[in-house]
Amino acid sequence: MPFLDWFLYHSVAMWLLLQSFILMAFCFHSATTFPKGCYPSTEDGFKTFRCSKAQLTAIPKDIPNDTNKLYLDYNQISFLPNDAFQNLPLLAELDLSHNVISRLEIGAFRGLSESLHLLDLSSNKLVSVNKEVFNSLKAKANLSSNPWLCDCTFQQLIERVELVAGTSDGIICDASARKEHIGKPFLQLVGDIDFCNIYKKTTDIAMLVTMFGWFAMVISYLIYYVRQNQEDARRHLEYLKSLPSKQKKSEESSTISTVV
Ligand SMILES: *[C@@H]1O[C@H](CO)[C@@H](O)[C@H](O)[C@H]1NC(C)=O
Ligand SMILES: *[C@@H]1O[C@H](CO)[C@@H](O)[C@H](O)[C@H]1NC(C)=O
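Residues numbered from 1 in each chain as written. Chains lettered and ligands numbered in written order. Predicted model: local features only at pLDDT ≥ 70, side-chain atom pairs only at ≥ 80, totals over all residues. Heavy atoms only, no water.

A look at the site of ligand 1
Here is step 1: All residues adjacent to ligand 1 are Asn65, Pro89 and Leu90.
Here is step 2: Contacts to ligand 1 include Asn65, whose side-chain N or O atom sits 2.3 Å from an oxygen atom.
Here is step 3: Contact with the protein chains removes 29% of the 360 Å² of surface that ligand 1 exposes when unbound. (Near = heavy atom within 4 Å. Polar contact = N/O pair within 3.5 Å; in protein donor to acceptor, adjacent residues only side chain to side chain. Areas by Shrake-Rupley, 256 points an atom, 1.4 Å probe, with all protein chains shown as cover.)

Focus: a nonpolar patch on the surface
Here is step 1: A cluster of nonpolar side chains, contributed by Phe212, Phe215, Val218, Ile219, Leu222 and Ile223, occupies part of the molecular surface with about 600 Å² of accessible area.
Here is step 2: The topology assignment puts Ile223 in helix H4 (residues 198-259).
Here is step 3: Taking the relative accessible area as the measure of exposure, Ile223 reaches 46% and is therefore partly exposed. (Patch = residues over 30% accessible without salt bridge, like charges linked within 9 Å, V, L, I, M, F, W, Y side chains within 5 Å. Salt bridge = Lys/Arg side-chain N within 4 Å of Asp/Glu carboxyl O. Helix = DSSP H or I, 4+ residues; strand = E, 2+ residues; numbered from the N terminus. Buried < 20%, exposed > 50% of the residue type's maximum accessible area, 1.4 Å probe, protein only.)

Quick look at the nonpolar core
Here is step 1: By size, the foremost hydrophobic cluster in this structure holds 44 residues, and its most contacted members are Leu80, Phe85, Leu94, Leu96, Phe109, Phe134 and Leu143.
Here is step 2: Broken down by secondary-structure element, the contributors of at least two residues to this core are strand E9 (148-150), helix H2 (152-160) and helix H3 (186-189).
Here is step 3: Sort the elements by how many residues they give to this core and H2 lands first, with 3 residues. (Core = buried A, V, L, I, M, F, W, Y, C linked by side-chain atoms within 4.5 Å.)

Examining the pattern of salt bridges
Here is step 1: All told, the structure shown has 10 salt bridges when counted by the stated rule.
Here is step 2: Notably, a salt bridge pairs Arg234 with Glu238, separated by 3.3 Å at the nearest N-O pair. Of this pair, Arg234 and Glu238 are both found in helix H4, 4 residues apart, which corresponds to roughly one turn of the helix.
Here is step 3: Judged by its relative accessible area of 42%, Arg234 falls in the partly exposed class.
Here is step 4: Since its relative accessible area comes to 45%, Glu238 is described here as partly exposed.
Here is step 5: One connected set of salt bridges, linked through shared partners, spans Glu231, Arg234 and Glu238.

Things to note about the UniProt feature "transmembrane region" (unreviewed entry) in the protein
Here is step 1: Look at the UniProt record and you will see "transmembrane region" (unreviewed entry) annotated at residues 6-28 and 205-226.
Here is step 2: What you have in residues 205-226 is 100% helix and 0% strand, and the ends, taken at the C-alpha atoms, are 31 Å apart. (UniProt positions renumbered as here; feature names shortened; annotations may be inferred.)

Description of the site of ligand 2
Here is step 1: Residues in close proximity to ligand 2 include His98, Ser122, Ser123, Asn142, Ser144, Ser145, Val164 and Thr167, which together make up its full environment.
Here is step 2: Within the side chain of Ser122, a nitrogen or oxygen atom sits 2.8 Å from an oxygen atom of ligand 2.
Here is step 3: At 3.0 Å, a side-chain N or O of Ser123 approaches an oxygen atom of ligand 2.
Here is step 4: Within the complex, the protein chains bury 50% of what would otherwise be the 360 Å² of accessible surface of ligand 2.
Here is step 5: When the residues that make up the shell around ligand 2 are grouped by side-chain class, the tally is 1 nonpolar, 7 polar and no charged. (Nonpolar A, V, L, I, M, F, W, Y, C, P; charged D, E, K, R; others polar.)

Focus on the side chain of Asp120
Here is step 1: With respect to the helices and strands, Asp120 occurs in strand E7 (residues 118-120).
Here is step 2: For the buried Asp120, no salt bridge is present, and the opposite-charge side chain at shortest range is Arg50, 11 Å distant.
Here is step 3: A distance of 2.7 Å separates a polar atom in the side chain of Asp120 from a polar atom in the side chain of Ser122.
Here is step 4: Setting aside anything within four residues of it in sequence, one finds Asp120 in contact with Leu94, Asp95, Leu96, Ser97 and Asn142. (Lys, Arg positive; Asp, Glu negative; His and termini not counted. Contact = heavy atoms within 4.5 Å.)

Structural notes on the state of the cysteines
Here is step 1: Enumeration according to the criterion identifies 3 disulfides in this entry.
Here is step 2: Disulfide pairing places Cys38 opposite Cys51 at an S-S distance of 2.1 Å. Its S-S torsion of approximately 120 degrees makes the covalent link between Cys38 and Cys51 right-handed. In this pair, Cys38 sits in the loop between helix H1 (2-33) and strand E1 (39-43) while Cys51 sits in the loop between strand E2 (46-50) and strand E3 (69-71), placing the two residues 13 residues apart along the sequence. Comparing Cys38 with Cys51 shows no difference in burial state: the two are buried.
Here is step 3: Two residues, Cys152 and Cys196, share a disulfide whose sulfurs are 2.1 Å apart. In this structure, the disulfide formed by Cys152 and Cys196 twists by about 100 degrees around the S-S bond and is classed as right-handed. On the criterion of sequence distance, the pair formed by Cys152 in helix H2 and Cys196 in the loop between H3 and H4 is long-range, its members being 44 residues apart.
Here is step 4: Of note for the protein: the bonded cysteines, numbered N- to C-terminal, pair according to 1-2, 3-5, 4-6. (Disulfide = S-S within 2.5 Å.)

What follows is the structure, given as structure tokens:
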């Protein structure tokens, strides 16, 4: 029967169409629940959220608040604002490596002080970071492969942060007040020089120079004074030497007078 065939054919087509609509709606739904390019999983019992290579330019919103491990590596994130991870009280590992992060606000990791164990900031564009960013953070950090400016601020940061074992040689000075430091691992330099005392040393030298100046002035005045007195003493001596001859003269004159 041609009609039954037609009907069957179309109902099957309709059914397939309906199914694909349901599937599409489901896909759209899950796509709006999680940020694009991100997916959750459970790895070794840890709630993991992976957004690697997702072309993100900022920290995505709607990360599940029970996430233990968060992978945001290989994206284009350039800035971490205050409280960037505030709603993740169970976060233990945070991978931000291979981004273009150049700026961190002081409270970027606020709220992670108790939970976070591992923080990967390697392979970014960090030049200088205030040590207060790591305040009360207990996490070990990988800070290698960044264009660090090696100065007192950086020394204070390194003193504050516990580095992941074996990552210290990857912390290279990209800029420094002294050219000979550029390209060298920072931790090999800190053994010999104190980046926070260079300034103090220059003020010490300035003090020394000033003191020497004063000292030289006092000494030269003393020399002048002694010379002047010597002159006076010599003149006085000459005067005294000249006295007996005068006396003789006067004696002579007196004898003359007595003779007269
Ligand atoms: C996550 O958010 C839900 C709903 O706001 C809340 O009930 C739950 O306690 C939060 N979980 C954690 C680990 O904070
Ligand atoms: C630290 O970061 C560097 C550069 O991204 C990477 O090669 C290295 O494997 C990391 N080390 C650890 C222990 O995670």
